[in-house]
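# Summary of structural features
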Amino acid sequence: MKKFAGLFVMVVLFCLPSFAQDASKYEIGGGLAYRSFSNGSGSRTNMVGWNTYGDRRIWHFINVAADFSGTYNRNSNFGDTSIYSFLIGPQLYPFGHQHKITVFGQLLFGGGVFLYHLPSQNGFNPVTTSYAGPVWMGGGGLDWRVRKRWAIRFIQADYEQTRFVSGSPSQGNYRISVGLLYRFGIK
């Protein structure tokens, strides 16, 4: 219990500078995403796609964030793979929002869809499968403010766990993204 109380005191002390800042109420953005997807057989599939995100400030250093992404691997020899995820959860800005470099961490929960399509080859019929399941993601990143309302999401690195097929082991994935961010409500 003493460790938990000490951790709480540290978070409050690190977040005190954020109380005096005029931060934006809403932020939206988007960019490019790379996902390293675990196939469950020990191999990984490299996927590239898009990522959109938005958040709303609910307290001085805590936001509610939403993240939507779609990544793809188009390899006609072994089939085409697509993964979409839809997540929401808390986002923590331990040093506040309005610095030149802003650090954040997040823990998001939601769902995802896995789509696989193997075109017809050598007279065989095409194969299409899809699975849906729970997804959670934790990580963080750095935003670099370039204008009053504009920032570059310099890096966002997350660990993502998906469970698309019930009864089978979960997939531990890694996702990295970069992009642009627009902040509403800054005076």
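These remarks concern the structure in this document. (Residues numbered from 1 in each chain as written. Predicted model: local features only at pLDDT ≥ 70, side-chain atom pairs only at ≥ 80, totals over all residues. Heavy atoms only, no water.)

A few words on the overall build of the protein. Scanning the protein for helices and strands turns up 1 helix and 8 strands. Along the protein, from the amino end to the carboxyl end, the secondary structure elements read α-β-β-β-β-β-β-β-β. When the 187 residues of the protein are sorted by exposure, 36% land in the buried category. Expressed as a percentage of contacts within the protein between residues at least 6 apart in sequence, the contacts between residues at least 24 apart total 58%. (Helix = DSSP H or I, 4+ residues; strand = E, 2+ residues; numbered from the N terminus. Buried < 20%, exposed > 50% of the residue type's maximum accessible area, 1.4 Å probe, protein only. Contact = heavy atoms within 4.5 Å.)

For the rest of this paragraph, the subject is the environment of H97. Checked against the element boundaries, H97 lands in the loop between β4 (79-92) and β5 (101-118). Put simply, H97 and H60 are 37 residues apart on the chain and 8.6 Å apart in space, counted from C-alpha to C-alpha.

All right, on to the pattern of salt bridges then. For side chains bearing opposite charge, pairing can occur when the charged atoms are close. Taken as a whole, this structure holds 5 salt bridges when the rule is applied. Between D67 and R175 there is a salt bridge, and its shortest N-O distance comes to 3.0 Å. With D67 in strand β3 (residues 62-75) and R175 in strand β8 (residues 171-184), this residue pair connects regions lying 108 residues apart in the sequence. Exposure class is identical for D67 and R175. Each is buried. Note that R153 is salt-bridged to D143, the shortest N-O span being 2.7 Å. Within this pair, whereas R153 is found in strand β7 (residues 150-162), its partner D143 is found in strand β6 (residues 127-145), the two being separated by 10 residues in sequence. The same class applies to R153 and to D143, which are both buried. Through salt bridges that share partners, E27, D143, R153 and R183 make up one connected network. (Salt bridge = Lys/Arg side-chain N within 4 Å of Asp/Glu carboxyl O.)

Next up on the list: the side chain of S38. Examined against the element boundaries, S38 turns out to sit in strand β1 (residues 26-38). Under the relative-accessibility criterion, S38 is labelled buried at 15%. Discounting chain neighbours no more than four positions away, the residues touching S38 are S43, R44, Q171, G172 and N173.

Bringing the sheet that holds strand β2 (residues 44-59) into the picture now. Reading around the barrel, the 8 strands line up as β1-β2-β3-β4-β5-β6-β7-β8 and close back on themselves, with antiparallel pairing between neighbours. On average, each strand axis in the sheet is inclined to that of its neighbour by 25°, with strand direction left out of account. Direction of pairing for β1 relative to β8: antiparallel, over a ladder of 11 bridges. Each residue of the ladder has a partner; that of S36, found in β8, is Y174. (Pairing = 2+ DSSP bridges. Axes fitted to C-alpha atoms, helices over the stretch in contact; angles between N-to-C directions.)

Attention shifts here to the side chain of S69. Tracing the backbone shows S69 in strand β3. Judged by its relative accessible area of 0%, S69 is buried. Here R35 takes part through its side chain, which lies 3.3 Å from a polar atom of the side chain of S69. A polar atom in the side chain of S69 sits 2.8 Å from the side chain of S85. Sequence-distant contacts of S69, that is, excluding residues within four places in its chain, are made with R35, W50, N51, I83, Y84, S85 and R175. (Polar contact = N/O pair within 3.5 Å; in protein donor to acceptor, adjacent residues only side chain to side chain.)

Here the focus is the packing of aromatic side chains. Scanning the entire structure with this criterion turns up 12 aromatic pairs. Ring plane angle 35° and centroid distance 5.9 Å describe the contact between F114 and F164, whose orientation is recorded as tilted. Separated by 50 residues along the polypeptide, F114 in strand β5 and F164 in the loop between β7 and β8 bring together distant segments of the chain. Assigned by exposure class, F114 and F164 land together as buried. A connected cluster of aromatic rings, assembled from ring pairs, spans F37, F114, Y131 and F164. Seen from the ring of Y53, R153 lies directly overhead, with NZ or CZ sitting 4.4 Å from the centre. (Phe/Tyr/Trp six-rings, centres within 6.5 Å; stacked < 30°, edge-to-face > 60°. Lys NZ or Arg CZ within 6 Å of the ring centre and 35° of its normal.)

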